[in-house]
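Residue-level structure breakdown
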Amino acid sequence: MNTPPPFTLRIRTQNDEDIDWMVQPDEITFHQALEVISKVQPQSTITAFEYDDEDEERITVRSDEEMKAMFQMYFSILSEHGEEDLARGLLPPLVIFPRVGKTPQNRNIHGLTILTKKESPPKIAEQPMVRPPVQNSSHHMETKDLKDLMCGNILETDLQYLELLGTGNGGRVSRALHRPSGKSMAVKVMQLDVDIDMQKQIISEMEILYKCHSPAIIGFYGAFFMENRISICTEFMDGGSLDKYGPVPEPVLGRMSVYIVQGLQYMWELKILHRDIKPSNILVSTRGEVKLCDFGVSVQLVESIARTYVGTNAFMAPERIRGEEYSSPAEVWSFGVSLFELATGNFPFGCPSSFSTPVQLLDAITGRTLPVLQDGVFSPELIDFVSRCMQRVPNQRLAASSLDKHPYIQKFNDGNRSVIAMWVQSKLPYIAQRKQPP
Ligand SMILES: Nc1ncnc2c1ncn2[C@@H]1O[C@H](COP(=O)(O)OP(=O)(O)OP(=O)(O)O)[C@@H](O)[C@H]1O
């Protein structure tokens, strides 16, 4: 790697408080690190700090060399498990633990000044190499509380909203510039009527998204609560979601399906269900990427949204609509229904907006013979795949773990992203509802 990207050093204090500090690893010295730590923990004399290596062993850092070794370990773990994050330039925090020394010493040896007030966000070109630690911006809450209400290192004041990308049942998604990193992000803001403990729980459940690295899953940058609103910051996809496109020709849809299956199976292996598979949660880019967004990693968030916003998700499997227990077969159903809609341009059970209650939707799904894709218009492989996903009885559906083995997926598994890229590029200019003010 040439110049290592900036990332967050998370200083975990003796009181178990986390203070985040954005660093440029090739520019900071060990003494500067000590200096910042002693500002954060002024009551103690800090002579060294520690971190956990890949085997979870505590390693002490007492010099520039040892600090370099720590950075090397951090980047080598990332290059093994977090290539996506490295590529995006927004990396998970590296946690360090200040070590209190026995003898007092003059701590401000370099006269380094650390800003303690939140400054107005710098322009990208003026971005300082060493950013001040995140400060408490509320009169009412302790730093610890604030840290529990955010994951990642994104502050509302770091975001410049550029355009509205869309509004869903529960929130608005805007494209925003994250000024410190210069990244374009999609920020979804939802109002949620939950108390502060629930907010903390939602944030802690979302942390798992940092561990998800798949080319078919939308990159997660962070999330934070501000009063009763949650903002979720993810990678921006310039093609938007598939619900905006109308029918997708089979050679394009087939290659998209390969990535969708890849993303779903990756998350299922981690025991994470999507819980909301539908065309508006499948995003594409002009580079031919296909990524799933809006994973229901936080069960509390999914339930809070369901409590706060009324509405029926037309892509839900029958067992879910009936309120029964559900698992990956329910996802297979939703994927089948989504594929049906993407192939034909029409929802298979009539107009989704006509279902205002779960009972009406259930009637539409169970009250007639299941629709099948038209013979002669679509390939036998696609017809078979969709109808085997759209089985009313969960255990009669294709098994989640064998979706990738089906001839439809095998047929299009040639890694040809340019077919997708060219189709997205050709359609994008005609897609309405873009470039609105945020
Ligand atoms: N990461 C992203 N990049 C680009 N566009 C996005 C991104 N995330 C969401 N969008 C756009 O914003 C729209 C609104 O998304 P949102 O998740 O709020 O609602 P939805 O999925 O359409 O519906 P619902 O709220 O019922 O799930 C999406 O349909 C999509 O077009």
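Quick look at the site of the ligand now. Taken together, the neighbourhood of the ligand is formed by 21 residues, with Asn169, Lys188, Glu235, Ser241 and Lys278 sitting nearest. Glycine 168 is positioned with one of its backbone polar atoms (N or O) 3.4 Å from an oxygen atom of the ligand. Bound to the protein, the ligand loses 90% of the 610 Å² it would expose on its own. Looking at the shell around the ligand, the elements that each hand over two or more residues are strand E7 (159-167), strand E8 (171-178), strand E9 (183-191) and strand E11 (229-235). Residue classes in the shell around the ligand are distributed as 6 nonpolar, 9 polar and 6 charged.

On to the confidence of the model for the protein chain, then. In the predicted model, the protein chain carries a mean pLDDT of 83, and the fraction of residues at 70 or more is 84%. Within the model, the stretch residues 103-141 combines pLDDT values under 50 with 69 contacts to residues more than four positions away or in other chains.

Turning our attention to the pattern of salt bridges. In this structure the tally under the stated criterion is 19 salt bridges. Between glutamate 66 and arginine 62 there is a salt bridge; the shortest N-O distance is 3.5 Å. Under the relative-accessibility criterion, glutamate 66 is labelled partly exposed at 29%. The salt bridge involving aspartate 404 is made with lysine 405; its shortest N-O contact spans 3.5 Å. For aspartate 404, a relative accessible area of 27% puts it in the partly exposed group. One continuous salt-bridge network, built from bridges that share partners, spans Glu50, Asp52, Arg58 and Arg99.

Cut-offs used in this document
Residues numbered from 1 in each chain as written. Predicted model: local features only at pLDDT ≥ 70, side-chain atom pairs only at ≥ 80, totals over all residues. Heavy atoms only, no water. Near = heavy atom within 4 Å. Polar contact = N/O pair within 3.5 Å; in protein donor to acceptor, adjacent residues only side chain to side chain. Areas by Shrake-Rupley, 256 points an atom, 1.4 Å probe, with all protein chains shown as cover. Helix = DSSP H or I, 4+ residues; strand = E, 2+ residues; numbered from the N terminus. Nonpolar A, V, L, I, M, F, W, Y, C, P; charged D, E, K, R; others polar. pLDDT = per-residue confidence, 0-100. Contact = heavy atoms within 4.5 Å. Salt bridge = Lys/Arg side-chain N within 4 Å of Asp/Glu carboxyl O. Buried < 20%, exposed > 50% of the residue type's maximum accessible area, 1.4 Å probe, protein only.

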